[in-house]
Protein chains: 6
Amino acid sequence: MSLRILAEPIVRAALLEDLGRAGDITTDAVVAADAEIDAAIAARQPGCLAGLDVALMAFELLDPSLELTRLCDDGARVERGQKVARIRGRARPVLAAERTALNLLCRLSGVATATRQLADAIGNHKAKIVCTRKTTPGLRILEKEAVRLGGGANHRFGLDDAMLIKDNHVAMAGGVRPALQRAKAAAGHLVKIELEVDTLDQLAEALDEGIDAVLLDNMDPPTLRLAVEMVAGRAITEASGRITRETVPTIAAAGVDLISSGWITHSAPILDLGLDTD
Amino acid sequence: MSLRILAEPIVRAALLEDLGRAGDITTDAVVAADAEIDAAIAARQPGCLAGLDVALMAFELLDPSLELTRLCDDGARVERGQKVARIRGRARPVLAAERTALNLLCRLSGVATATRQLADAIGNHKAKIVCTRKTTPGLRILEKEAVRLGGGANHRFGLDDAMLIKDNHVAMAGGVRPALQRAKAAAGHLVKIELEVDTLDQLAEALDEGIDAVLLDNMDPPTLRLAVEMVAGRAITEASGRITRETVPTIAAAGVDLISSGWITHSAPILDLGLDTD
Amino acid sequence: MSLRILAEPIVRAALLEDLGRAGDITTDAVVAADAEIDAAIAARQPGCLAGLDVALMAFELLDPSLELTRLCDDGARVERGQKVARIRGRARPVLAAERTALNLLCRLSGVATATRQLADAIGNHKAKIVCTRKTTPGLRILEKEAVRLGGGANHRFGLDDAMLIKDNHVAMAGGVRPALQRAKAAAGHLVKIELEVDTLDQLAEALDEGIDAVLLDNMDPPTLRLAVEMVAGRAITEASGRITRETVPTIAAAGVDLISSGWITHSAPILDLGLDTD
Amino acid sequence: MSLRILAEPIVRAALLEDLGRAGDITTDAVVAADAEIDAAIAARQPGCLAGLDVALMAFELLDPSLELTRLCDDGARVERGQKVARIRGRARPVLAAERTALNLLCRLSGVATATRQLADAIGNHKAKIVCTRKTTPGLRILEKEAVRLGGGANHRFGLDDAMLIKDNHVAMAGGVRPALQRAKAAAGHLVKIELEVDTLDQLAEALDEGIDAVLLDNMDPPTLRLAVEMVAGRAITEASGRITRETVPTIAAAGVDLISSGWITHSAPILDLGLDTD
Amino acid sequence: MSLRILAEPIVRAALLEDLGRAGDITTDAVVAADAEIDAAIAARQPGCLAGLDVALMAFELLDPSLELTRLCDDGARVERGQKVARIRGRARPVLAAERTALNLLCRLSGVATATRQLADAIGNHKAKIVCTRKTTPGLRILEKEAVRLGGGANHRFGLDDAMLIKDNHVAMAGGVRPALQRAKAAAGHLVKIELEVDTLDQLAEALDEGIDAVLLDNMDPPTLRLAVEMVAGRAITEASGRITRETVPTIAAAGVDLISSGWITHSAPILDLGLDTD
Amino acid sequence: MSLRILAEPIVRAALLEDLGRAGDITTDAVVAADAEIDAAIAARQPGCLAGLDVALMAFELLDPSLELTRLCDDGARVERGQKVARIRGRARPVLAAERTALNLLCRLSGVATATRQLADAIGNHKAKIVCTRKTTPGLRILEKEAVRLGGGANHRFGLDDAMLIKDNHVAMAGGVRPALQRAKAAAGHLVKIELEVDTLDQLAEALDEGIDAVLLDNMDPPTLRLAVEMVAGRAITEASGRITRETVPTIAAAGVDLISSGWITHSAPILDLGLDTD
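Residue numbers restart at each chain and count upward from 1, following the sequence in its written direction. Think of it this way: whatever chain is written first is A, whatever ligand is written first is 1, and the rest follow in order. For this predicted model, a pLDDT threshold of at least 70 governs which residues receive local features, and a threshold of 80 or more governs which side-chain atom pairs are given and counted, while totals over whole chains, interfaces and linings are taken from all residues. Water and hydrogen atoms play no part in the side-chain values, which are based on all heavy atoms of the structure.

Caption draft 1: Geometry of the packing of aromatic side chains. Classification of ring pairs rests on two measures: the distance between centres of Phe, Tyr or Trp rings, Trp counted by its six-membered ring, which must be within 6.5 Å, and the angle between planes, read as stacked under 30 degrees, edge-to-face over 60 and tilted in between. Here the structure, examined in full by the defined rule, presents zero aromatic pairs over all chains. Both a distance and an angle decide whether a charge sits over a ring: NZ of Lys or CZ of Arg must be within 6 Å of the ring centre and within 35 degrees of the ring normal. Above the ring of Phe157(B), the side-chain terminus of Lys144(B) is found at 5.3 Å from the ring centroid.

Caption draft 2: Main features of the relation of the copies chain F and chain D. C-alpha atoms of residues with pLDDT of at least 70 in both copies form the basis for the least-squares superposition of the copies. For these two chains of identical sequence, chain F goes onto chain D by a turn of 120 degrees and a shift of 0.0 Å along the axis, with RMSD 0.0 Å. Both copies of the chain, as the preceding transformation shows, are related through a three-fold rotation axis. Across chain F, the smallest distance between a C-alpha and the rotation axis is recorded for Pro9(F), namely 7.8 Å.

Caption draft 3: Structural view of empty space enclosed by the protein. The distinction between a cavity and a pocket rests on a 1 Å grid over the protein atoms alone: a 1.4 Å probe fits inside a cavity but cannot get out, while a pocket stays open yet meets protein on both sides within 12 Å along at least five of seven lines, and a residue with an atom within 4 Å of a point counts as lining. Grid points are joined across faces, edges and corners, and a volume is the space filled by probe spheres set on the points. Applying the stated criterion to the full structure yields 16 cavities of 30 Å³ or more. Considered as a void within the structure, the largest cavity measures approximately 160 Å³ in volume. The way it works is that DSSP assigns letters per residue, a run of H or I at least four long becomes a helix, a run of E at least two long becomes a strand, and they are numbered from the N terminus. Where the lining of the largest cavity is concerned, the elements lending two or more residues are helix 4 (91–121) and helix 11 (263–266) of chain C together with helix 4 (91–121) and helix 11 (263–266) of chain D. No other element matches helix 4 of chain D, which puts four residues into the lining of the largest cavity. A class-by-class count of the residues in the lining of the largest cavity yields eleven nonpolar, nine polar and four charged. When residues are sorted by character, Ala, Val, Leu, Ile, Met, Phe, Trp, Tyr, Cys and Pro go into the nonpolar class, Asp, Glu, Lys and Arg into the charged class, and all the rest, Gly among them, into the polar class.

Caption draft 4: Structural context of the relation of the copies chain C and chain D. With an axial shift of 0.0 Å and an RMSD of 0.0 Å, the rotation relating chain C to chain D amounts to 180 degrees. The operation mapping one copy onto its partner corresponds to a two-fold rotation axis. Whether two residues are in contact is decided by their heavy atoms: any pair within 4.5 Å suffices. In this assembly, 100% of the residues forming the interface of chain C have copies in chain D that are likewise at the interface, indicating an isologous arrangement.

Caption draft 5: Layout of the pairing of strand 10 (residues 236–240) of chain C. Residues and elements named next belong to chain C. Only protein chains enter the calculation, and the probe is 1.4 Å; a residue is then buried if its accessible area is under 20% of its type maximum, exposed if over 50%, and partly exposed in between. Among the five residues that make up strand 10, four are buried, leaving the element largely enclosed by the rest of the structure. Paired strands, in this sense, are two strands between which DSSP finds at least two bridges. In this sheet, strand 10 lies alongside strand 9 (residues 213–217) in parallel orientation, the contact comprising five bridges. Bridging from a neighbouring strand, Leu216 pairs with Ala239 of strand 10. Taken together, strand 9, helix 9 (residues 221–231) and strand 10 constitute a β-α-β crossover, and its handedness is right-handed. Direction of pairing for strand 10 relative to strand 11 (residues 258–260): parallel, over a ladder of three bridges. Residue pairing in the sheet places Ala239 in a bridge with Ile259 of strand 11. Handedness of a crossover is defined as follows: with both strands directed away from the viewer, a clockwise route from the first strand across the helix to the second makes it right-handed. Each parallel crossover has a hand, and the one from strand 10 via helix 10 (residues 248–253) to strand 11 is right-handed.

Caption draft 6: Geometry of the interface of chain F and chain D. Taken residue by residue, the interface counts ten residues in chain F and nine residues in chain D. Two parts placed together each lose some accessible area; with a 1.4 Å probe, that loss summed over both constitutes the buried area. Of the roughly 880 Å² buried between chain F and chain D, counting both surfaces, carbon and sulfur atoms make up 68%. Here, a salt bridge means any Lys or Arg side-chain nitrogen found within 4 Å of an Asp or Glu carboxyl oxygen. Summed over the shared surface of chain F and chain D, the number is one salt bridge. Here Arg21(F) and Asp160(D) are joined by a salt bridge, their closest N and O atoms 2.3 Å apart. Any pair of nitrogen or oxygen atoms within 3.5 Å is treated as a polar contact; in protein, a donor-acceptor pairing is required on top of that, and neighbouring residues in sequence qualify only through side-chain atoms on both sides. Where chain F meets chain D, there are one residue pair in polar contact (both at pLDDT 80 or more).

Caption draft 7: Up close: the sheet that holds strand 8 (residues 193–197) of chain F. Residue and element names in this part refer to chain F. Taken in spatial order, the six strands line up as 6-11-10-9-8-7 in an open sheet, and their pairing is parallel. Here the strands that pair on one side only, and so sit at the sheet edges, are strand 6 (128–130) and strand 7 (163–165). Neighbouring strand axes in the sheet, compared pairwise and without regard to direction, differ in orientation by 25 degrees on average. Here strand 6 runs beside strand 11 (residues 258–260); their pairing, made up of three bridges, is parallel. If you follow Lys128 over to strand 11, its bridge partner there is Leu258. Axis geometry follows a simple rule: fit a line to the C-alpha atoms, using only the stretch in contact for helices, then measure angles between N-to-C directions, giving values from 0 to 180 degrees.

Caption draft 8: Examining the domain arrangement of chain A more closely. Residues and elements named next belong to chain A. Considered domain by domain, chain A is made up of domain 1 (2–113 + 269–277) and domain 2 (120–266). For domain 1 versus domain 2, the separation of C-alpha centres amounts to 35 Å. Area buried by domain 1 at its contact with domain 2 is led by Ile10, Leu108 and Val111, which between them contribute 43% of it. Linking domain 1 to domain 2 there are one salt bridge. Between Asp120 and Arg77 there is a salt bridge, and its shortest N-O distance comes to 3.2 Å. Listed by contribution, the elements that provide at least two residues to the side of domain 1 that touches domain 2 are helix 1 (4–19) and helix 4 (91–121). Per-element accounting of the side of domain 1 that touches domain 2 gives the leading share, five residues, to helix 4. Where each domain starts and ends follows an automatic or database-derived domain assignment.

Caption draft 9: The pairing of strand 9 (residues 213–217) of chain E, seen in detail. All names here are of chain E. Among the five residues in strand 9, four count as buried, and that is most of the element. Pairing analysis gives four bridges linking strand 8 (residues 193–197) to strand 9, with the strands arranged parallel. Bridge pairing links Val197 to Leu216 in strand 9. What joins strand 8 to strand 9 is helix 8 (residues 200–209), and the crossover it makes is right-handed.

Caption draft 10: Fine view of the interface of chain C and chain D. Each partner contributes to the interface: chain C provides 60 residues, whereas chain D provides 61 residues. At the boundary of chain C and chain D, one finds four salt bridges. Linking Arg133(D) and Asp18(C) is a salt bridge whose minimum nitrogen-to-oxygen distance equals 2.6 Å. For the interface between chain C and chain D, the tally reads 38 residue pairs in polar contact (both at pLDDT 80 or more). At the level of elements, helix 1 (4–19), helix 2 (25–30), strand 1 (36–43), helix 4, strand 7 (163–165), helix 6 (167–173), helix 7 (176–186) and helix 11 of chain C are the ones that each hand at least two residues to the side of chain C that touches chain D. With eight residues, helix 4 of chain C is the single largest residue contributor to the side of chain C that touches chain D. Considered class by class, the residues forming the side of chain C that touches chain D number 30 nonpolar, 15 polar and 15 charged.

Caption draft 11: Representation of the pattern of salt bridges. Under the defined criterion, the tally for this structure stands at 108 salt bridges over all chains. Between Arg116(A) and Asp120(A) there is a salt bridge, with its nearest N and O atoms 3.3 Å apart. Taken together, the residues Arg116(A) and Asp120(A), both in helix 4 and four residues apart, mark about one turn of the helix. Relative accessible area serves as the criterion here: at 21%, Arg116(A) is assigned to the partly exposed category. Since its relative accessible area comes to 39%, Asp120(A) is described here as partly exposed. The closest approach of N and O atoms between Arg177(F) and Glu209(F), which form a salt bridge, is 3.2 Å. Note that Arg177(F) is positioned in helix 7 (residues 176–186) and Glu209(F) in helix 8 (residues 200–209), a separation of 32 residues in sequence. Here Arg177(F) falls in the partly exposed class, since its relative accessible area comes to 30%.

Structure below.
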């Protein structure tokens, strides 16, 4: 995170969750208080790095005297075996913080790696991968950053920073037009409005009313292509639904601006990194 | 969670993360304040349910007057399309809590489903699947429960409720024997001690010294079988490393008591559930 | 607030700030534990009401058994002497919560009243009064709502929900054009961009580059009128600087969409309301 | 604040309120990570400074490496254009903290300036201006200090550090005498008791019973003078009600010890200060 | 506590400290989810009851559906075997909350009982037992109330609600007179000032300067008597040092107003109470 | 505490409890802002030191520039008059933190001293003194460490880190055997199980079922000896009930492994230490 004040509470809470009441009783029993360690965090598989700042913060919060050296930037592609950071100093806090640091680092690097995979699948098309609000409860700001580091862009950060009118909203408002009119009447002048459309008829109605962005949900590529033509640059186009590395090229080829994936935050496997001592 | 006092802070924080400062500005703009909704949470794919309590708590925290009906127990296997809960009442809080509730429910059901898959792969062998500390930061107590609901058992909840002497500890203590001796000298009488062994020699040393449990890390099935024979019931045996649905049967057949998997908590895909309105 | 979960922590903290360690020692000493009270909150001067929900929450948090009756809606104009709520029940919690409730109610009604005064000064022009980020630390979400209740609209809620490129940003980026280009490259697709311009040359540059909204800072009415003509509907226009009830009509007549005032949140006097007992 | 441990939570919460989830997205997009700034906080109008410590703390909390130089003491009178502090270092945290720092500084300096105006109006009379509990929720300890810096004195900090028997208490206790007797019976030996009196008869009764201080509420100057004569030094006298710069001299001339004003904390306009870059 | 809003955070934190991450794993394993219990809290020795409200709150926080019946008032003397409350309902939350409830109840009743013992030792003398700031960190407001329930009175609640000038302050100020003068100059009009004196000379100086209360520290009874005569009603007199049930009568006989004891809060043994099931 | 991250919240809360809203108003009034102090913490009676780390943290939290020197290790026996730490620097924070630091230090040293007394009474027997969950709410982790420093060992830290089946559990499960069977079925592989037995019949049943530890509650020494013989090393034996310095030798002589005392945490008098200035 660019701002430590935002990320530190998350890392602190993660440490306390693992330390419990009594702390690392194994290390306190087995490792001498003055023992020193020289360790490195290394990738066990190739991928895209994210979360190194918060991982190192876990070590620092337990012992500010540890010597922490970044060997790699967040966002970089790492190879199997590549060392991404070095940690030197008292062994006890290093071992006590290890799991918390790695839990954060591997998860966030997993998000970045998954995003990178989808982003790479786009090829030369203009589309960008965007995330959703299907993030891990408590970790949203970190996962949003991991998406950016993996080459994606961010959708809304929450319910309050933009309007996204979904099918339920349309149904309860009695149609696309009244939904949009109510939204515009209430929106502040710096609030953008996006609307989910399931059919080209809905799309026509939305464009007629005027809209910042349209979410083209679960449309097949030919329909997507028609939608993009209908929009003709009057709104940002976002495709969603059944987004995989396999479907991304075709969807991107339909000409949409954005392809949104919940998978990159809710189901991406971790990137395996570990702590090595010499 | 059996105790609401433990789970509520997690759910509350998840809601606040999504609501931000201004709350659900789309719903407040588009849906009338007195509009009512009759909705159901339904499975979009088969799996094992977990987290329904905390998901429903998200709705209740936004509006205690909502009528919430469980149609399924946590731990149950659900079919595609099966409704697991019904939510009736004011539409605004239902739509505002929807994503938070589903984020928790889908993730926890994903953990339970992954656990259930590994547990089912054990067949008639006595082994049990156990989780690790490779959990999502902030969600450990919920994920540990999801593992139990999926037919697994829980390992340590943190660094302080049992001793697990790992390879780094052994190295820093100067061997298995001194590590174990220090651990025993420091452990309270209700603290169990487990030791990670990489070789049968280390195992012999540990058994000679006396130990509650041994973590047999990354051993191939024949070695595992030899290890189980050496232990001969004197300690609990846990196998770890390269645990997949494919490897579980062979590992279980080696006779170990426990098979531990980080994957079920760090990389399990979500179970897809959604909110349907009629 | 539409959502109690957002406002309650503010009210609770305000109560605890006043109760200190020992609570209302005067009331506990002088008023019998079983004494009852029948009180009303009444306006001591005419104005626009805001904050009644949070004021009543203060009483409820101290004693959920109190009978609280709204006699007036937030946003309504109140006359001198008009009762806006009735509070019946145990006297001790009513007296203990009185000051906290009134501190919130009078301040928020003061914001709404000030906004209403500026909004009324606009007359038939299309302009709307908008607030700024010059709010009371800790009370922003409540003051933003008070602005809406007073007939105004909300600007950004914080630094993260829209981009507002100010003179310092322009200077550090090396001009309007590079500033805007960097902003667009970084902005998510649901993030609007506004730019502060001090001259018509800057405005031309911004319009040429494309922009959602322009902040016309401290321009005199003739210049404002020229600016509005230059914009010609291609962006939202916001005037700021020296906004008073006297200057608003002329500024609104220049044709701007928005007139932003820091005064309505940072310097509006309270609306005097008090607790009467019969 | 003399003690950082008391003020820091307020400043931190104010920063987080403004930064939201994603932080200062404009600055992060437009200003280079390594850009430096040399800025000064300067007064835009004359007044009395308060809150410089907490304003600078806002910058420090975002970046401890910033070079912060006080050019003026809290409590000092400042002229229009006078620089009160200099801030040098990385531009991003300076711009991100600017609004929070100024919101605190301008508001607290507004309180100090308003207090100073009333205090100056007292002239050679012995009276002192005191504040009330009509402070901004969440900012009481800072506003109380601002009052002192502006030449005023502090009344109670809350409901628990002294007894103030108001008209409602008297009514519920059945008169001045029983109210005072109950208060004395319950008060610890280091708790002072003040009583609000509306008539000279009530005052006589209170003096007869013995009292530390009397609040002479809404009495006209001749009555105030009579009250002071009746008290004859046996209690501290405090006048309240309709306190303005115009009425203060006459009220002070009546000989009271204290003149309490809610206006200095609940309705004082801010003192305008801003951040200048060179 | 008269106000639940003040006490609940303490009780909640105490429960969480005991429940840890996983809650009461014994009860969850051994006792059926639908098992019911009918239990009573009973005194195992005679004493003075305090803390029943917070003890019952521990049960209620775990399960609001429990039926809780007070059989005794806080402040009452209880006999060995006397039941003070009845708890009926689901067994699991009762057993999970038992220890937390009893830890609070036994400790606070211990404070009340110790206070009562000293208070009873005063006999017919006018002196009152007062507590000090030597309380248990985190429990001060509860212990202060327990002192009142045991027949004692409260001293300061903290460093901020009255001035107590101690020997260190006197030494650093350069004597009793300058210390008192500085204190008076800074004290708000509702702040009382007490001064610790070690000699009659210091006492004379303090009385000459004027003072609300004097702390006569570690004086023998004859000196105390002389001090009380010197004071002659011009200040409240408080004796401290070597206060035990044996010394109290003689100290009280010296005519002091207050006798302060740290022992009643820092070293009083608990009053033994337990949970009985039928 | 070995880990500052665990102890600091307790110390910070204790400081805030004492400082209240306005801080140390006596010291701020009487002692000059630039006054320096050279102070020492000294024992007023012999005992076993514990809590020096957290006591010094109280000073450091108020002023990180204070020079703090440990003259004694936690766990050491101290003589009357012995200095255990030196504090040099600005006088105001030293005086403001004094009581909080001493409240923690004296209480924790009291726990360590009481533990040491019981531990010394064991003589050459193998038994160890262990604590219970009858600790001060909020201070458990500090008191558990004080017990270790006093020569004792720790029992469970809470309800979740081991199973202790008590008489109520046995009764509700329908006997020792079903209780134990349910416990074993639910317990994770690193969770130990202890059972409270009141009779030798119950003990026989527990041993027959297999058990990690038995709590022999309120048995007289001859019965204890029989119990130890029955156990014959198959489980850890813990004696509880009526544990005093006088009874410990006889109980230890019965051959038990552990003797648990609630008194050392719930009723131990403080060890008197104070702050001396030169």
